[in-house]
Protein chains: 2
Amino acid sequence: MSGRPAIRPDRLQDRLARFAAIGATPKGGVDRQALTQGDRQARALLVDLAGSRGFSVRQDAAANLFLRRPGEDADLPPLLLGSHLDTQPTGGRFDGALGVLAAFEVLEALEDAGVSAPRSVEIAVWTNEEGSRFAPGAMGSQAFASGLLPAEWLDARASDGARLGDELAATIGSLPAPVTSLGFPIAAYLELHIEQGPVLERENTPIGVVTGIQGTLWLAVELEGRAAHAGTTPLDFRQDPMRAAATAMAELYRTVMPTDPDARFTIGRIEVQPGSINSVPESVRFTIDLRHPDAAVLAGLERQVRAACKNASADSACRLSIHRLLDMPPIVFPETMVRLVEESAQRAKLATRRIVSGAFHDAVHLARCAPTAMIFCPCRDGISHNEAEHVEPHFAAAGTTALLEATLSVLARVR
Amino acid sequence: MSGRPAIRPDRLQDRLARFAAIGATPKGGVDRQALTQGDRQARALLVDLAGSRGFSVRQDAAANLFLRRPGEDADLPPLLLGSHLDTQPTGGRFDGALGVLAAFEVLEALEDAGVSAPRSVEIAVWTNEEGSRFAPGAMGSQAFASGLLPAEWLDARASDGARLGDELAATIGSLPAPVTSLGFPIAAYLELHIEQGPVLERENTPIGVVTGIQGTLWLAVELEGRAAHAGTTPLDFRQDPMRAAATAMAELYRTVMPTDPDARFTIGRIEVQPGSINSVPESVRFTIDLRHPDAAVLAGLERQVRAACKNASADSACRLSIHRLLDMPPIVFPETMVRLVEESAQRAKLATRRIVSGAFHDAVHLARCAPTAMIFCPCRDGISHNEAEHVEPHFAAAGTTALLEATLSVLARVR
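Residues numbered from 1 in each chain as written. Chains lettered and ligands numbered in written order. Predicted model: local features only at pLDDT ≥ 70, side-chain atom pairs only at ≥ 80, totals over all residues. Heavy atoms only, no water.

- As named in an unreviewed UniProt entry, chain A is N-carbamoyl-L-amino-acid hydrolase, taken from Aureimonas pseudogalii.

### Some details on the overall build of chain A
And step 1. Looking only at helices and strands, chain A features 12 helices and 16 strands.
And step 2. The dimensions of chain A, computed from C-alpha atoms along their principal axes, are 85 × 45 × 40 Å.
And step 3. Per-residue burial for chain A yields a buried fraction of 60% across its 415 residues.
And step 4. Summarising the internal contacts of chain A: among those between residues at least 6 apart in sequence, 79% fall at separations of at least 24.
And step 5. Put simply, chain A shows about 15100 Å² of open surface, and 51% of that area lies on carbon and sulfur atoms.
And step 6. Computed over 41 positive and 50 negative side-chain charges, the inter-centroid distance for chain A is 2 Å. (Helix = DSSP H or I, 4+ residues; strand = E, 2+ residues; numbered from the N terminus. Buried < 20%, exposed > 50% of the residue type's maximum accessible area, 1.4 Å probe, protein only. Contact = heavy atoms within 4.5 Å. Areas by Shrake-Rupley, 256 points an atom, 1.4 Å probe, with all protein chains shown as cover. Lys, Arg positive; Asp, Glu negative; His and termini not counted. Charge placed at Lys NZ, Arg CZ, Asp CG, Glu CD.)

### So, the UniProt feature "binding site: Zn(2+) 2" (unreviewed entry) in chain A
Residue and element names in this part refer to chain A.
And step 1. The UniProt record marks Asp95, Glu130 and His385 with the feature "binding site: Zn(2+) 2" (unreviewed entry), using the residue numbering of this structure. Across 291 residues of sequence, these annotated residues stay compact in space, with a maximum C-alpha separation of 9.5 Å.
And step 2. Judged by relative accessible area, Asp95 falls into the buried class, the value being 5%.
And step 3. Beyond its immediate stretch of four places on either side in the chain, Asp95 contacts His84, Asp86, Glu130, His193, Ile194, Gln196, Ser384, His385 and Glu389.
And step 4. Side-chain polar atoms of Asp95 contact the side chain of His193, separated by 2.9 Å.
And step 5. With sequence-adjacent residues up to four places away left out, His385 is seen in contact with Gln88, Thr90, Asp95, Glu130 and Gln196.
And step 6. In terms of polar contacts, His385 uses its side chain to reach the side chain of Asp95, at 3.3 Å. (UniProt positions renumbered as here; feature names shortened; annotations may be inferred. Polar contact = N/O pair within 3.5 Å; in protein donor to acceptor, adjacent residues only side chain to side chain.)

### A look at the interface of chain B and chain A
And step 1. Contacts between the two partners involve 49 residues from chain B and, on the opposite side, 49 residues from chain A.
And step 2. Taking both partners together, chain B and chain A bury about 4400 Å²; carbon and sulfur atoms supply 64% of that area.
And step 3. Our count for the chain B to chain A interface comes out at 2 salt bridges.
And step 4. For Arg202 of chain B, the salt bridge is made with Asp236 of chain A, and the minimal N-O distance between the two is 3.4 Å.
And step 5. Where chain B meets chain A, there are 16 residue pairs in polar contact (both at pLDDT 80 or more).
And step 6. When residues of the side of chain B that touches chain A are traced back to their parent elements, those giving at least two are α7 (199-203), α8 (241-259), β9 (264-266), β10 (270-273), β11 (279-280) and β12 (283-292) of chain B.
And step 7. If you tally residues by element for the side of chain B that touches chain A, the top one is α8 of chain B, at 9 residues. (Buried area = accessible area lost by both parts, 1.4 Å probe. Salt bridge = Lys/Arg side-chain N within 4 Å of Asp/Glu carboxyl O.)

### A word on the relation of the copies chain B and chain A
And step 1. With an RMSD of 0.1 Å, the fit of chain B onto chain A corresponds to turning through 180° and sliding 0.1 Å along the axis. Expressed as an axis order, the relation between the two copies is that of a two-fold axis. When C-alpha positions in chain B are compared against the rotation axis, the closest is assigned to Ala246 of chain B, at 2.5 Å.
And step 2. In this assembly the copies share their binding face: 100% of the residues contributing to the interface of chain B also contribute to that of chain A. (Least-squares fit on C-alpha atoms with pLDDT ≥ 70 in both.)

### Looking at empty space enclosed by the protein
Take a probe with the size of a water molecule and roll it over the atoms, and the empty space left behind shows itself.
And step 1. Applying the stated criterion to the full structure yields 3 cavities of 30 Å³ or more.
And step 2. Its boundaries defined by the atoms lining it, the largest cavity holds a volume of some 50 Å³.
And step 3. Around the largest cavity, the lining residues are Leu235, Arg238, Asp240 and Arg243 of chain A together with Leu252, Tyr253, Met257 and Phe265 of chain B.
And step 4. Looking at the lining of the largest cavity element by element, the count peaks at 3 residues for α8 of chain B.
And step 5. For the lining of the largest cavity, the residue count by class is 5 nonpolar, no polar and 3 charged. (1 Å grid on protein atoms, 1.4 Å probe; cavity = no way out; pocket = protein on both sides within 12 Å on 5 of 7 lines; lining within 4 Å. Points joined across faces, edges and corners; volume = space filled by probe spheres on them. Nonpolar A, V, L, I, M, F, W, Y, C, P; charged D, E, K, R; others polar.)

### Quick look at helix α3 (residues 97-112) of chain B
And step 1. The first and last C-alpha atoms of α3 of chain B sit 22 Å apart over 16 residues, in line with the 22 Å expected at 1.5 Å per residue.
And step 2. Of all the 16 residues making up α3 of chain B, 14 are buried; the element is thus mostly covered by neighbouring parts of the structure. (Expected span 1.5 Å × (residues − 1).)

### Here we look at the packing of helix α2 (residues 37-52) of chain A against helix α3 (residues 97-112) of chain A
Residues and elements named next belong to chain A.
And step 1. At their nearest, the axes of α2 and α3 sit 12 Å apart, and the two run at 5° to each other. In terms of axis orientation, α2 runs roughly parallel to α3. Packed against α2, whose contacting residues are Leu46, Leu49 and Ala50, the element α3 presents Val100, Leu101 and Phe104 at the interface.
And step 2. For the contact of α2 with α3, a count of residues per class yields 6 nonpolar, no polar and no charged. (Axes fitted to C-alpha atoms, helices over the stretch in contact; angles between N-to-C directions. Parallel < 35°, antiparallel > 145°, perpendicular 65-115°, else oblique.)

### Notes on the packing of helix α1 (residues 9-20) of chain B against α3 of chain B
Residues and elements named next belong to chain B.
And step 1. Put simply, α1 and α3 touch, their axes get as near as 10 Å, and they point 140° apart. Considering the angle they form, α1 stands oblique to α3. Two packed elements cross with a definite hand, and for α1 against α3 that hand is right-handed. Here Arg11, Leu12, Arg15, Leu16 and Phe19 of α1 come into contact with α3, specifically with Ala97, Leu98, Leu101, Ala102, Phe104, Glu105, Glu108, Ala109 and Asp112.
And step 2. Here the contact of α1 with α3 is built from residues that sort into 9 nonpolar, no polar and 5 charged. (Left-handed = near helix turned anticlockwise from the far one by under 90°.)

### Here's the deal with helix α2 (residues 37-53) of chain B
Residue and element names in this part refer to chain B.
And step 1. A rise of 1.5 Å per residue sets the reference length of α2, with its 17 residues, at 24 Å; its end C-alpha atoms lie 25 Å apart and thus fit the reference within 8%.
And step 2. Taken together, the buried residues of α2 touch α1, β1 (56-59), β2 (65-69), α3, β4 (121-126) and α6 (164-173).
And step 3. Remark: Gly54 follows α2 within two positions and exhibits a positive phi of approximately 75°.

### Here's the deal with the packing of aromatic side chains
Residue and element names in this part refer to chain A.
And step 1. The full count for this structure, using the stated rule, is 18 aromatic pairs over all chains.
And step 2. Their ring planes at 70° and their centres at 5.6 Å tell us that Phe55 and Phe104 sit as a pair that is edge-to-face. A residue pair is termed long-range when its members are at least 10 positions apart, and Phe55 in the loop between α2 and β1 (56-59) and Phe104 in helix α3 qualify at 49 residues. This pair shows no difference in class: Phe55 is buried, exactly as Phe104 is.
And step 3. Three or more aromatic residues link up through ring pairs in this structure, and these residues are Phe66, Trp126, Phe144, Phe184 and Tyr189.
And step 4. Sitting over the ring of Phe66, Arg58 keeps its end group 5.7 Å from the ring centre.
And step 5. The lysine or arginine in question, Arg58, covers the ring of Phe184, its NZ or CZ lying 4.0 Å from the ring centre. (Phe/Tyr/Trp six-rings, centres within 6.5 Å; stacked < 30°, edge-to-face > 60°. Lys NZ or Arg CZ within 6 Å of the ring centre and 35° of its normal.)

### A look at the pairing of strand β3 (residues 79-84) of chain B
Successive residues of a regular strand alternate their side chains across the two faces of the sheet.
All names here are of chain B.
And step 1. Among the 6 residues that make up β3, 6 are buried, leaving the element largely enclosed by the rest of the structure.
And step 2. Taking every second residue as pointing to the same face, both faces of β3 are buried, with Leu79, Leu81 and Ser83 on one and Leu80, Gly82 and His84 on the other.
And step 3. Summarising the sheet, β3 and β4 pair through 6 bridges and their orientation is parallel. Bridging from a neighbouring strand, Gly82 pairs with Ala124 of β4.
And step 4. You can see the chain leave β3, run along α3 and come back into β4, and the turn it takes is right-handed.
And step 5. As judged from the 3 bridges shared by β3 and strand β5 (residues 188-194), these two strands associate in the parallel manner. From the neighbouring strand, Leu79 faces β5, where its bridge partner is Ala188. (Pairing = 2+ DSSP bridges. Right-handed = clockwise from strand over helix to strand, strands pointing away.)

### Side note on the environment of Gly131 of chain A
All names here are of chain A.
And step 1. Tracing the backbone through its elements, the reader meets Gly131 in the loop between β4 (121-126) and α4 (139-146).
And step 2. Through-space distance from the C-alpha of Gly131 to that of Ile288 is 19 Å; in sequence the pair is 157 residues apart.
And step 3. Those residues within four positions of Gly131 in sequence are excluded, and the remaining contacts are Asp86, Pro136 and Gly137.

### Focus: the pairing of strand β7 (residues 215-224) of chain B
Residue and element names in this part refer to chain B.
And step 1. In terms of burial, β7 is a largely internal element, 8 of the 10 residues being buried.
And step 2. Note that β7 and β12 share 10 bridges and pair antiparallel. Within β12, the residue paired with Thr216 across the bridge is Arg291.
And step 3. Sheet analysis places β7 next to strand β13 (residues 319-328), joined by 9 bridges and oriented antiparallel. Paired with Leu219 across the two strands is Arg324, which belongs to β13.

Given below as structure tokens:
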């Protein structure tokens, strides 16, 4: 080692700007959806950069892309640093790209300082984290962690008509990098990501040490009543699903989040049929996004939602059905990894705060096959999945420094 | 008079079936929207029937169609019996048509019995009562009552691209009937219509004596908050318009109709933006249809709605705006006319019940220019604006008999 490695904030900012130009939108955001030409262009640029630093490059059948800075012992499983380069259709410059480019900056800092260590450090660029062009999201990391690429994924069609299997093949084929088997042993996984929430910025805390990822349940609630004339139908003749829906919703808005600061309750979609001003609706459908870091509490919240909907539907003489659209249990990162990140950041004099991730990340899947931790960067106004998404350069630098320090800690400690 | 006039229920049923065949839908309903070929065909059939009984026919500039059984004194304003022949896109066989064909049956019964009276009895077929192809509804009766055909109506376009002015001209031109000026003095107006609600059928009461038409207010409520990530945004960072909407709605569902059996409160339309399962919405828009027979109470209900929305929007830090889309004050029919209908029906041994009309009717406009009354027929399950709409033949006959008796009462009494 020729000196203590350090990141170069200007180089990081330059890289962020170069990648933000690929798929740039007029409003300053990025449209670089998974497996599009833009995604391939961003991967090609990263492969070029890797080549210029002598990092080796490989891919797998899920088009996950890996850049390795080899350690002295090729038999040791590498430390993996990862995130994604795909974006939402009207996404920002940092969601995903910051994690990949911070990881690249870490590799360069190790290289610049001539750090030598037994263990390799490898960057993973996970395919299709966003899930906006092809469902589900976090495909690449899930395929890596499970070693499986489900056949039904390959036949999935994008709204633009493209078939996932074809787009994977074309993306892999576009890069001068060998394809290795899906999944390989890793020593640990670290991911830097923007918070996508307002907590760190409000406290002006540069480093969020992620303790886990809350569990998420998506429920589709359907209430069926009877369409009726708004003017001629007295109350006791109504089977009004909108009344049932509003009553259940209001009770849940009043009870779920206000009594538990860790709970998240969101109704983001509602459809009313027939949707006529002067008709009592025939049916109302709405979705509930319910989250909690504690699996048992989340299960209790689901019971609470079902009970509120059941009572309200019975009061309005409506038929009720509730389906789960998604059930992702909470992830808790190992305390050793959480503490490792915390101590690494504090070593660099960076203030930290423990935080539960409200959003999904590729780390959900990696946590199943290796000790995993995440670092959050503050983002402006908590805004993400939005062209206005912004991370202050000093926060990006702080997060990247924390990632470097955590990398050094893993290289020094994890066996 | 060659005997007491009486209606012929079989003839009425035959007529109802013949008209229901024009625009018949596979599910047994009728699609005969205003000023379409179907509407013209139905008018032509009625003009044919009028010719066969020697009734005179005329139209006006709003394509209202009139069939007159002349009285002995041509200077006396006629008694007008009216309704409409247009339907909703998936309408029933009775909404409108029953009133027109019952009126025709009354004219035939007078004719069959050789009734002679000083006053003419005239049928009005009002143009575009439903308002589904061209807004607003009840155009023809409004034009007749006001003597005006607003220029903006003439330029209104249907969803099929047709211009109202052109369709009026084509409809008028399709009939062998002279066009007279818009509006003329009338002695009184009587309209038979299906209840479009469940009250009479539930009580098995054949005759609803309509005391008036409740006032209707349509409000468009818009709540604007801030879109945010469902997983990452704590409660105190949310400006959730869906929370505000559900809270206001639930309060109003709980307070408006349950405390006042004459009030009607309906939310039939709601739109959420961006409509993503895992996003706190940016905005929520919904409509409120609010009705009451008493103008002062209706005004109080509007204040109650505005206050509930204001409180809920303030609690959720959302911006609120409320616009009136429609403001139709209550109509109260003259007690003399209500009693005339009541006594006429009772003379024919028909049980009656006073009832407030929950729906609009052409009578809303006629009530402004002449003593007006309405008779309601029970309909199955209160269903209307629906292909399943049904009126039992004995109820149709009872309503038509009541209309005949009321006609005789007007001919005998009203000066």
